[in-house]
Number of protein chains: 4
Amino acid sequence: MEISGVEIEDTFAEGFPIKVARVLITAITERWAMEAAREATGFGTSVIMCPAEAGIERLARRAETPDGRPGVYIQICNMSFKNLEASLLARIGQCVLTAPTTAVFNGLPEAEKQFDTGAKLKFFGDGFQKEMAYCDRGVCSIPVMSGDFIVEEKMGAVDGIAGGNFYIMAENQAAALMAAEAAVDAIREEEGTITPFPGGVVASGSKVGSRYKFLKASTNERFCPTLQDEGVCILPPSIRASYEVVINGVSREAIERSMRSGIMAACKVPGVVKISAGNFEGKLGPHLFKLHEILG
Amino acid sequence: MEISGVEIEDTFAEGFPIKVARVLITAITERWAMEAAREATGFGTSVIMCPAEAGIERLARRAETPDGRPGVYIQICNMSFKNLEASLLARIGQCVLTAPTTAVFNGLPEAEKQFDTGAKLKFFGDGFQKEMAYCDRGVCSIPVMSGDFIVEEKMGAVDGIAGGNFYIMAENQAAALMAAEAAVDAIREEEGTITPFPGGVVASGSKVGSRYKFLKASTNERFCPTLQDEGVCILPPSIRASYEVVINGVSREAIERSMRSGIMAACKVPGVVKISAGNFEGKLGPHLFKLHEILG
Amino acid sequence: MEISGVEIEDTFAEGFPIKVARVLITAITERWAMEAAREATGFGTSVIMCPAEAGIERLARRAETPDGRPGVYIQICNMSFKNLEASLLARIGQCVLTAPTTAVFNGLPEAEKQFDTGAKLKFFGDGFQKEMAYCDRGVCSIPVMSGDFIVEEKMGAVDGIAGGNFYIMAENQAAALMAAEAAVDAIREEEGTITPFPGGVVASGSKVGSRYKFLKASTNERFCPTLQDEGVCILPPSIRASYEVVINGVSREAIERSMRSGIMAACKVPGVVKISAGNFEGKLGPHLFKLHEILG
Amino acid sequence: MEISGVEIEDTFAEGFPIKVARVLITAITERWAMEAAREATGFGTSVIMCPAEAGIERLARRAETPDGRPGVYIQICNMSFKNLEASLLARIGQCVLTAPTTAVFNGLPEAEKQFDTGAKLKFFGDGFQKEMAYCDRGVCSIPVMSGDFIVEEKMGAVDGIAGGNFYIMAENQAAALMAAEAAVDAIREEEGTITPFPGGVVASGSKVGSRYKFLKASTNERFCPTLQDEGVCILPPSIRASYEVVINGVSREAIERSMRSGIMAACKVPGVVKISAGNFEGKLGPHLFKLHEILG
């Protein structure tokens, strides 16, 4: 299979179940909403050593937000609802409550699972908080030094999927990176997914396990171009760099849509040779995303 | 005392001891160095509920970096060296090793305390890593899918200070925020400090303790302008919003310099009424920063 | 009339007829599309002394662009179609043809007036250009050092309107500016309009004419807060700074929509006291935009 | 000659004399100084069809600016002092006077040639302007709706050089572009030069003249990779895209320094094959910049 002259390998991405909360942050300007969103989703690339996986889903137009201000949807992901609740409390409490001019709304008001994050955060008001209806939502209003901080009482979460992914293999690092940036741009236009790594891109795709007992994941040496001379790298000489885009999302459909958009965007970049995907022969998870089916 | 017509209250900021590591991230362009730096320092506003305090210190010119590429200095702070070592390993391993085109250098090579962070991260190479001299530093080179990741073996840390701060009190939220942004811009030009909160600004300055046993910090109601009618807020009606800028740094001198620069910048913004600072009558820490002395 | 507690003056903005071309720039990433768009619309605030009025309308999603790449709609405006044709040729030829990875498409393919801008630019190919169909458009492909530059043969233009506007009057400069930024953010979400001034904002609203014969426009002293002591400024002391947002667009409806969105956004910013608008008692133009009607 | 494995061709860049004005724009924050600078330097890539060549030189630290606010140095270039004076008046008057919170200072106070740009712009004040000393400079203060606009009376200019340049030739478009971005980043750190094209980069390097009488410049077909099959392109198949970086500056030394920094930065990007430069066998100008001498 080929797209814009780029070979699509007949392989699949392997994802695993994760719990996903979705939060809408609004602020006085788009820029301040983004500042809060970045702080709240930082140190959130992989649950291997981060306290959560987290990322920015997309900008929200004023017409979509309860308070008519510009907004940003973020997602926070943990392996259990218990850890997710702790992550929500800590990340919203420390990174959004503290951010200038923000308000926080439930990004999944229809979900069955609802945490009372706002209702817990309100105690920061030390008795001066108020429960109220605001823009048709049940919120808590907490007096702070810069005004009142509004946070919705409930925050919804769903059973989602982590580890959707594809590899962009190219003639050189710059082509792979430019294509990764284009892919992440495209995925930012889609609903329901995040790309939790820095700038949405993984420079160091890994395999499960290692020769060292204390390491759960290690470099995927078969795809490391600087190991071509040693015969360890199985890539042809035409591929001298690969980046991975990892996608988490609220549903299988959302991840498929973002994989499709991201791959289509990457294939438009000159110097891209091949699209592949990361899987671990079923060791990692039950969610398989076959490239040829998604792109067919 | 007055600066540009703004009253400087005769009070002091109260800081506390913290351990500070300083790391230099370089990348192919300034933009990618910043992406890595933002991910690595996210979810890092306050040790109350974040796994570390962290922030971007300043950009590094090419002439300053070992590999001649654009760079960003970041700082990561924890209460103990033990936790700091864990933070360094996790944040560099998960957020910089994974970021496109980055390399990581020791930002405090002269410090007495040196962690072997790079030497530990190298095992990600699963046996294919190499120890080598590079740009006059002892580094590990780890093959990854996009090339080789270079990380210096040692990362230095010092006994620093957290909680340097000042309050910007203004006629309204916008004036306080614009002044805070100007202050943070100015502090970004200084050596040795970070402003760990979102965009460098704290919207919700807190007091130590609360009426609820389970809460270590809560809103500083005496400075909450929406509590003026209830008589709880002690501010005059001319002050309707305040933002706090919190500063951590490698030394007392660095924090004093940044407090001075930040306050001078804030006072240039029309609508700012008063500069104050947060202290807790010695409950929090031993480092006192008297505004009148610093600005004298 | 009041919105969110802000007084809306019973007055009107006065616009004048202008010719408007609309161009869609695509590129490998959103960032590079923006670089080209900014260069092409620079030095384009007012036809008084700029060779054209020009600005960025809005981002275009991949799904909207002929080549499926991220895009930016820009508008270029002149008093006559003749000058507009010259502006298009110069601005696309010098600022977009020269910009990395860009392609240029007709942003008004349905308009009656169509310039053959692409068909003229093609001669830069010095005989090596090709006419072809591409993404369902008639384009010229011009070989350049970085690949092929694609430009649609025709560029459409319409009879539009310049000088739609509103004033944001506030307690201080920061509140007025933050509100102006919020207004411009909101207008960026709307179809069919631009805000041609720097960052979308006018700091120095003007009146028609001056006491000096050689000056066609001069400061609007009645609204200059630093002239309050001299009795020249007619504003109440509660207003200490105003910014103007000027809006050009392809139609009356587009300008009305953007005025409404912009004003609604501005009124959400604390410290804003009043919304007014600039008119010149019919000296400037025939298009009147009554605030109370637009917001009613 | 080789740098980091990249071949440096034994050739030279050919520049031509131009008049260069240098202006310092300050504002309340770095972001607003940049907005003004971008508007003022837009539509300013080449004097062939732009009213001036213009660009951002570098950021100015607070410690460097007369008013202690963040600043940006820009340059504006024309073939004659007469046109340069008109450009200064129009670009500062239309794009900086109108920009929020800006002030304008002379960026070349020591130059022999001084225009009285500020002294002319002051008439916008319609009789309410004031001449005064401010931060040790002779300025005019013009009341505007948002406060007072400060502009220095004099603006200095020198005999400078335009058309300093180098070509970055690479395996593909993305590598050439990433290297160009890195080069422009590096040049932004240097004193005294600008890169006037969009994002600092030229996608469509040209030769002098064309087969069409009405065209002064046309595509440099010998370097157009898509003409390789026709035998028109003289590049080897290993080069599939080139970008040019064009540099103007206040002196020969400044341009040499920026060429060196830019080339060194470009050579660090994987996929770059060769550095060359544009010359026209002396047809264009008397200033020759030999790559091997500059990099020697």
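Residues numbered from 1 in each chain as written. Chains lettered and ligands numbered in written order. Predicted model: local features only at pLDDT ≥ 70, side-chain atom pairs only at ≥ 80, totals over all residues. Heavy atoms only, no water.

### What about the overall build of chain A?
Stage number 1. Of the regular secondary structure elements, chain A holds six helices and 17 strands.
Stage number 2. Taking 296 residues into account, the globule formula puts the C-alpha radius of gyration at 19 Å, and chain A, at 20 Å, falls close to it.
Stage number 3. Once the C-alpha set of chain A is aligned to its principal axes, its extents read approximately 65 × 40 × 30 Å.
Stage number 4. A burial count over chain A gives 66% of its 296 residues as buried. (Helix = DSSP H or I, 4+ residues; strand = E, 2+ residues; numbered from the N terminus. Rg over C-alpha atoms; globule rule 2.2 N^0.38 Å. Buried < 20%, exposed > 50% of the residue type's maximum accessible area, 1.4 Å probe, protein only.)

### Brief notes about the interface of chain B and chain A
Stage number 1. Taken together, the contacts link 75 residues of chain B with 75 residues of chain A.
Stage number 2. Viewed at the interface, chain A and chain B are joined by seven salt bridges.
Stage number 3. Here R31(A) makes a salt bridge to E181(B), at a shortest N to O gap of 2.9 Å.
Stage number 4. Applying the counting criterion to the chain B and chain A interface returns 37 residue pairs in polar contact (both at pLDDT 80 or more).
Stage number 5. Broken down by secondary-structure element, the contributors of at least two residues to the side of chain B that touches chain A are α1 (30-41), α2 (81-95), β9 (137-144), β10 (147-152), α4 (173-188), β13 (206-208), β14 (217-219) and β15 (241-249) of chain B.
Stage number 6. Element by element, the count of residues in the side of chain B that touches chain A is highest for α1(B), at six residues.
Stage number 7. Per-class residue counts for the side of chain B that touches chain A are 38 nonpolar, 24 polar and 13 charged. (Contact = heavy atoms within 4.5 Å. Salt bridge = Lys/Arg side-chain N within 4 Å of Asp/Glu carboxyl O. Polar contact = N/O pair within 3.5 Å; in protein donor to acceptor, adjacent residues only side chain to side chain. Nonpolar A, V, L, I, M, F, W, Y, C, P; charged D, E, K, R; others polar.)

### Let's talk about the relation of the copies chain B and chain A
Stage number 1. Its rotation angle being 180 degrees, the transformation that places chain B on chain A also includes 0.0 Å of axial translation and leaves an RMSD of 0.0 Å. Such values leave the two copies arranged in the relation of a two-fold axis. Taking C-alpha positions as the reference, the residue of chain B nearest the rotation axis is G42(B), at 1.8 Å.
Stage number 2. Taken as a fraction of all interface residues of chain B, those also at the interface in chain A reach 100%, which identifies the copy contact as same-surface. (Least-squares fit on C-alpha atoms with pLDDT ≥ 70 in both.)

### Looking at the interface of chain A and chain D
Stage number 1. Each partner contributes to the interface: chain A provides twelve residues, whereas chain D provides twelve residues.
Stage number 2. At the boundary of chain A with chain D, total buried surface from both sides reaches about 940 Å², with 57% on carbon and sulfur atoms.
Stage number 3. When residues of chain A are sorted by the area they lose upon contact with chain D, N172(A), A174(A) and M178(A) head the list and together hold 43% of the total.
Stage number 4. If you look at where chain A meets chain D, you find two salt bridges.
Stage number 5. With a closest N to O distance of 2.4 Å, R240(A) and E171(D) form a salt bridge.
Stage number 6. Run the count over chain A and chain D and you get five residue pairs in polar contact (both at pLDDT 80 or more). (Buried area = accessible area lost by both parts, 1.4 Å probe.)

### Notes on the nonpolar core
Stage number 1. Of all hydrophobic cores here, the largest spans 312 residues; its most connected members are I275(A), I275(B), I275(C) and I275(D).
Stage number 2. Residues contacting I275(C), with those up to four places away along its chain left out, are V6(C), E7(C), I8(C), E9(C), F166(C), Y167(C), I168(C), I263(C), A266(C), C267(C) and L291(C). (Core = buried A, V, L, I, M, F, W, Y, C linked by side-chain atoms within 4.5 Å.)

### Brief notes about the pairing of strand β5 (residues 71-78) of chain A
Two faces, one strand: in a regular strand the side chains alternate between the faces of the sheet.
Residue and element names in this part refer to chain A.
Stage number 1. For β5, the tally of buried residues reaches eight of eight residues, placing the bulk of the element in the interior.
Stage number 2. Residues G71, Y73, Q75 and C77 of β5 are buried on one face, and the alternating residues V72, I74, I76 and N78, pointing to the opposite face, are buried as well.
Stage number 3. In the sheet, strand β3 (residues 12-26) pairs with β5 via eight bridges, with the strands oriented antiparallel. From the neighbouring strand, A21 faces β5, where its bridge partner is I76. (Pairing = 2+ DSSP bridges.)

### Notes on unusual backbone geometry
Stage number 1. For C135(A), which is not a glycine, the phi torsion comes out positive at approximately 50 degrees.
Stage number 2. Counting through the fold element by element, C135(A) comes out in the loop between β8 (130-134) and β9 (137-144).
Stage number 3. Non-glycine residue F43(D) carries a positive phi angle of around 45 degrees.
Stage number 4. Mapped onto the fold, F43(D) is located in the loop between α1 (30-41) and β4 (53-60).

### Some words on the packing of aromatic side chains
Stage number 1. Summed over the entire model, instances satisfying the criterion amount to 20 aromatic pairs over all chains.
Stage number 2. On the numbers, 5.6 Å between centres and 25 degrees between planes, the contact of Y212(A) with F214(A) is stacked.
Stage number 3. For F214(A), a relative accessible area of 58% gives the class exposed.
Stage number 4. On the numbers, 4.9 Å between centres and 75 degrees between planes, the contact of F123(C) with Y212(D) is edge-to-face. (Phe/Tyr/Trp six-rings, centres within 6.5 Å; stacked < 30°, edge-to-face > 60°.)

### Looking at the relation of the copies chain A and chain D
These two copies of the chain differ by a rotation about an axis and a displacement along the same axis.
Stage number 1. It takes a turn of 180 degrees to lay chain A on chain D, together with a shift of 0.0 Å along the axis; the resulting RMSD is 0.0 Å.
Stage number 2. The residues that chain A uses at the interface reappear at the interface of chain D in 100% of cases, marking a shared surface.

### Looking at the pattern of salt bridges
Stage number 1. Counted according to the given criterion, the structure contains 88 salt bridges over all chains.
Stage number 2. In this structure, the salt-bridge partner of D126(D) is R211(C), at a minimum N-O distance of 3.9 Å. Linking D126(D) in the loop between α3 (117-121) and β8 (130-134) with R211(C) in the loop between β13 (206-208) and β14 (217-219), this pair reaches from one chain into another.
Stage number 3. Ionic pairing is found between E256(C) and R252(C), a salt bridge with its closest N-O pair at 3.1 Å. Of this pair, E256(C) and R252(C) are both found in helix α5 (residues 252-267), four residues apart, which corresponds to roughly one turn of the helix.

### Observations regarding the environment of E112(D)
Stage number 1. One can find E112(D) in the loop between β6 (103-106) and β7 (113-115).
Stage number 2. Residue E112(D) is classed as exposed on the basis of its relative accessible area, which comes to 83%.

### Quick look at the domain arrangement of chain A
Many authors give the size of an interface as the accessible area that is lost as the parts come together.
All names here are of chain A.
Stage number 1. In terms of domains, chain A is made up of domain 1 (2-14 + 161-295) and domain 2 (18-157).
Stage number 2. On the domain 2 side, the residues contacting the 16 residues of domain 1 number 16 residues.
Stage number 3. Regarding the contact of domain 1 and domain 2, the summed buried area is about 1300 Å², with carbon and sulfur atoms giving 57% of it.
Stage number 4. Remark: the boundary between domain 1 and domain 2 carries two salt bridges.
Stage number 5. Of the charged contacts in the structure, one is a salt bridge between R58 and E191, with a shortest N-O distance of 2.8 Å.
Stage number 6. Inspection of the domain 1/domain 2 interface yields five residue pairs in polar contact (both at pLDDT 80 or more).
Stage number 7. Those elements that place two or more of their residues in the side of domain 1 that touches domain 2 are β11 (155-170), β12 (193-194) and β15 (241-249).
Stage number 8. Residue composition of the side of domain 1 that touches domain 2, by class: eight nonpolar, four polar and four charged. (Domains from an automatic or database assignment.)

### Some words on helix α4 (residues 173-188) of chain D
Stage number 1. Counted at 1.5 Å a residue, the expected span for α4(D) with its 16 residues is 22 Å, and the 22 Å between its end C-alpha atoms agrees.
Stage number 2. The buried fraction of α4(D) is high, at 15 of 16 residues. (Expected span 1.5 Å × (residues − 1).)

### Let's talk about the side chain of T11(C)
Residues and elements named next belong to chain C.
Stage number 1. Considering the arrangement of structural elements, one finds T11 in the loop between β2 (6-8) and β3 (12-26).
Stage number 2. At a separation of 3.1 Å, a polar atom in the side chain of T11 contacts the side chain of N279.
Stage number 3. In contact with T11, not counting residues within four places along its chain, are S276, A277, N279, F289, K290 and L291.

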